Amino acid sequence: MLLGLGVLLAGCGGEDSPQARAAAAQRMPEDAALAQLYGASCKQCHANPGAGAPLTGDAEAWAPRLEKGMDTLLEHSINGFQAMPPLGLCMQCSEADFRALIGFMAAQPQPAEGH
């Protein structure tokens, strides 16, 4: 399992900054169920500047992706895209979960409850 994660992360590249790493590593969804999904899957790449994935909370990095639309981001999350594995390592995530996780990582306002 660790070897597989290492291979996924090694292929991403990207710049590393202490501020970016600290900010991304600290962020967690307010919704407990969503936080559990994020911590078990998304956080591995989206809180690691060296992974090359857009960091959680980095609105500037997410902006060009959001411009493609939620349907495209959802398709990339489910089917995989470039270095992102299919389902983003979240085999139990529903479409609603992916939408909420994308919104959280892209620093969009979150709904008060549920996902």
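The structure this text deals with has already been given above.
Since this is a predicted model, take the numbers as computed values, not measurements. (Residues numbered from 1 in each chain as written. Predicted model: local features only at pLDDT ≥ 70, side-chain atom pairs only at ≥ 80, totals over all residues. Heavy atoms only, no water.)

A few points about the side chain of Thr56
What counts, and what does not: Helix and strand definitions follow DSSP, with helices as H or I runs of at least four residues and strands as E runs of at least two, each counted in order from the N terminus. Under this definition, polar contacts are N or O atom pairs within 3.5 Å; protein pairs additionally need one hydrogen-donor-capable and one acceptor-capable atom, and for neighbouring residues in sequence, both atoms have to be side-chain atoms.
Mapped onto the elements, Thr56 comes out in the loop between α3 (32-46) and α4 (59-67). A polar contact is formed between the side chain of Thr56 and the side chain of Tyr38, at a distance of 2.8 Å.

As for the state of the cysteines
To be explicit about the condition: Criterion for a disulfide: a pair of cysteine sulfur atoms at a distance within 2.5 Å.
In the structure shown here, the tally under the stated rule is one disulfide. Between the sulfur atoms of Cys90 and its disulfide partner Cys93 the distance amounts to 1.8 Å. Across the S-S bond linking Cys90 and Cys93, the dihedral sits near 75°, which makes this disulfide right-handed. Looking at the unpaired Cys42, the closest cysteine sulfur is the one in Cys93, lying at 6.1 Å.

Some remarks on the nonpolar core
The condition that has to hold: For this analysis, a nonpolar core means a set of buried residues of the types Ala, Val, Leu, Ile, Met, Phe, Trp, Tyr and Cys, connected via side-chain atoms within 4.5 Å. Only protein chains enter the accessibility calculation, which uses a 1.4 Å probe. A residue is then buried if its area is under 20% of the maximum for its type, exposed if over 50%, and partly exposed in between. Whether two residues are in contact is decided by their heavy atoms, any of which lying within 4.5 Å being enough.
Core analysis: the largest hydrophobic core is formed by 17 residues, its most contacted members being Tyr38, Cys93, Leu101 and Met105. Here this core takes six residues from helix α6 (residues 95-105), the largest share from any one element. Other than its neighbours up to four places away in sequence, Leu101 contacts Leu34, Leu37, Tyr38, Cys42 and Cys93.

Focus on helix α5 (residues 70-79)
As a reminder, the rule being used: Throughout, the arc means the angular range of directions from the helix axis out to the C-beta atoms.
Buried residues of α5: Leu73, Leu74, His76 and Ser77, and no others. Each buried residue of α5 sits inside an arc of 160° when the element is viewed along its axis, so together they form one side. Residues Asp71 and Asn79 are exposed on α5 and point more than 90 degrees away from its buried face. Those residues of α5 that are buried are in contact with α4 and α6. After α5 finishes, the residue Gly80 shows a positive phi value of roughly 85°.

Quick look at the packing of aromatic side chains
Operational definition: Ring geometry is summarised as follows: Phe, Tyr and Trp rings, the Trp one being its six-membered ring, pair when their centres sit within 6.5 Å, and such pairs are stacked at plane angles under 30 degrees, edge-to-face over 60 and tilted between the two.
Inspection of every chain in the model, using the stated rule, returns one aromatic pair. Between Tyr38 and Phe104 the ring centres are 5.1 Å apart and the planes differ by 80°, which places this aromatic pair in the edge-to-face class. Of this pair, Tyr38 sits in helix α3 while Phe104 sits in helix α6, and the two are 66 residues apart along the sequence. In this pair, the class of Tyr38 matches that of Phe104, namely buried.

This is a description of form; function is not addressed.
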